[in-house]
Amino acid sequence: SSSHKLYEEINAVVAEHIKYSGFTIDDGVWEAIHEEGEMKVYRREMEEDGMIVDPLKAVHCVKGITGHELCHYFWDVSVRMEWEGTLESTNTVEVVSDDTVITHQTHKRVWPTTQRDAVFWSHIRHIAGNDENSPDMWMVCNYSTDHDKAQPSKCVRVKMNVAMVCETMVTPRADGKPSTREDLTCRVQYAAYVNPGGWAPPSVLRAVYKREYPKFLKRFTQYVTNATADKPIMF
Ligand SMILES: CCCc1ccc(-c2ccc(S(=O)(=O)CCO)cc2)cc1[C@H]1C[C@H]1c1ccccn1
């Protein structure tokens with residue numbers, strides 16, 4: 001229930017991501033590391049106590065799906081192993097409410113770094129737009145948290161703050177018939193702040209992120225396109 005102690009933090013993190021999801025990348029500070037069709041991936045080089053904590057931002061445009069659908073599949077832990085190629089295991093340690101779960105997941109080891117795991121709350125939210133300058137958005141935030149049911153493990157625990165923010169464009173049909181998937185475009189903004197939790201060779205980490213983030217975004221959006229193709233539109 002929204003009285004749960006987490007909601008104060010959840011609301012603050014959501015507000016922060018809405019503030020920064022202005023869908024503008026001030027090119028001066030963000031370095032493009034990957035461009036493929038509509039997908040553009042950027043990073044800023046940043047270190048904290050000698051550790052690489054490069055913030056990552058990606059924008060994408062996906063035809064034929066809605067922001068609600070993309071966020072639903074990003075939030076739904078039960079399908080995560082189907083699209084997240086770097087995951088070794090995932091375990092839901094608490095269902096906080098019907099829009100918030102706490103998950104403990106381990107990532108496959110990325111040689112030569114030590115294996116990582118993450119414990120985070122994952123919250124899905126619809127932000128109803130009321131006019132042009134406050135668009136209708138769907139958002140999922142994944143934010144590191146502690147949980148006594150998350151077994152201590154051999155892994156190094158990462159700290160992360162991730163947001164998937166989506167807007168849906170529907171082109172009105174000339175014939176006034178109900179929209180079909182050809183009329184849909186989902187504009188995606190993905191932001192990730194991952195602190196690796198322990199030292200790893202900077203060059204290795206930067207190479208991993210440069211390789212893995214575009215791969216994950218491409219594989220995830222393809223997964224949602226396939227999963228929704230023959231289903232009614234979830235607006
Ligand atoms: C040493 C750092 C290891 C490492 C820490 C963290 C993550 C990571 C965590 C969460 C999310 S997500 O967007 O919330 C989707 C839910 O899984 C994406 C990535 C990935 C890696 C490693 C495995 C690499 C990677 C990097 C980027 C994308 C996918 N995998």
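Quick caveat: nothing in here was measured; it's all calculated off a predicted structure.

J.: Just give me the short version of empty space enclosed by the protein, but keep the residues and values in it.
T.: In total, this model carries 4 cavities of 30 Å³ or more according to the counting rule given. There is about 560 Å³ of room inside the largest cavity. Taken together, 28 residues form the lining of the largest cavity, with Thr86, His107, Val194, Tyr209 and Tyr213 sitting closest to its centre. Every element with two or more residues in the lining of the largest cavity is listed here: helix 3 (80-83), strand 7 (100-107), strand 8 (116-127), strand 11 (159-170), strand 12 (184-195) and helix 4 (202-228). Tallying contributions element by element places helix 4 first for the lining of the largest cavity, with 6 residues. Tallied by class, residues from the lining of the largest cavity come to 16 nonpolar, 6 polar and 6 charged.

J.: Go over the environment of Gly37, please, and point to the residues and values.
T.: Along the chain, Gly37 turns up in the loop between strand 1 (31-36) and strand 2 (39-43). Gly37 sits in the exposed class, given a relative accessible area of 68%. In sequence terms Gly37 and Cys61 are 24 residues apart; their C-alpha atoms lie 8.9 Å from each other.

J.: Give me helix 1 (residues 6-20): which residues, what numbers.
T.: With 15 residues, helix 1 should reach 21 Å at 1.5 Å per residue; the first-to-last C-alpha distance of 21 Å fits that figure. Within the sequence span of helix 1, burial applies to Leu6, Tyr7, Ile10, Val13, Val14 and His17. For helix 1, the arc enclosing every buried residue in end-on projection is 125°, short of the 170-degree limit, so these residues lie on one face. Residues of helix 1 that are exposed and point more than 90 degrees away from the buried face comprise Glu8 and Lys19. Buried residues belonging to helix 1 abut strand 6 (87-97), strand 7, strand 8, strand 9 (137-144), strand 11 and strand 12.

J.: Describe in detail the pattern of salt bridges, supporting the description with residues and values.
T.: Per the counting criterion, the structure on display carries 12 salt bridges. Among the ionic pairs, Arg181 bridges to Glu69, the shortest N-O distance being 2.7 Å. Separated by 112 residues along the polypeptide, Arg181 in the loop between strand 11 and strand 12 and Glu69 in helix 2 (residues 67-75) bring together distant segments of the chain. On the basis of relative accessible area, Arg181 is assigned to the buried category, the value being 13%. By relative accessible area, Glu69 is classed as buried at 1%. Residues Arg211 and Glu212 are paired through a salt bridge, measuring 3.2 Å at the closest nitrogen-oxygen approach. Given the relative accessible area of 44%, Arg211 is considered partly exposed. Taken together, the shared-partner salt bridges in this structure form one network comprising Glu31, Arg43, Glu45, Asp54 and Arg206.

Scoring rules and cut-offs
- Residues numbered from 1 in each chain as written.
- Predicted model: local features only at pLDDT ≥ 70, side-chain atom pairs only at ≥ 80, totals over all residues.
- Heavy atoms only, no water.
- 1 Å grid on protein atoms, 1.4 Å probe; cavity = no way out; pocket = protein on both sides within 12 Å on 5 of 7 lines; lining within 4 Å.
- Points joined across faces, edges and corners; volume = space filled by probe spheres on them.
- Helix = DSSP H or I, 4+ residues; strand = E, 2+ residues; numbered from the N terminus.
- Nonpolar A, V, L, I, M, F, W, Y, C, P; charged D, E, K, R; others polar.
- Buried < 20%, exposed > 50% of the residue type's maximum accessible area, 1.4 Å probe, protein only.
- Expected span 1.5 Å × (residues − 1).
- Arc of directions from axis to C-beta.
- Contact = heavy atoms within 4.5 Å.
- Salt bridge = Lys/Arg side-chain N within 4 Å of Asp/Glu carboxyl O.

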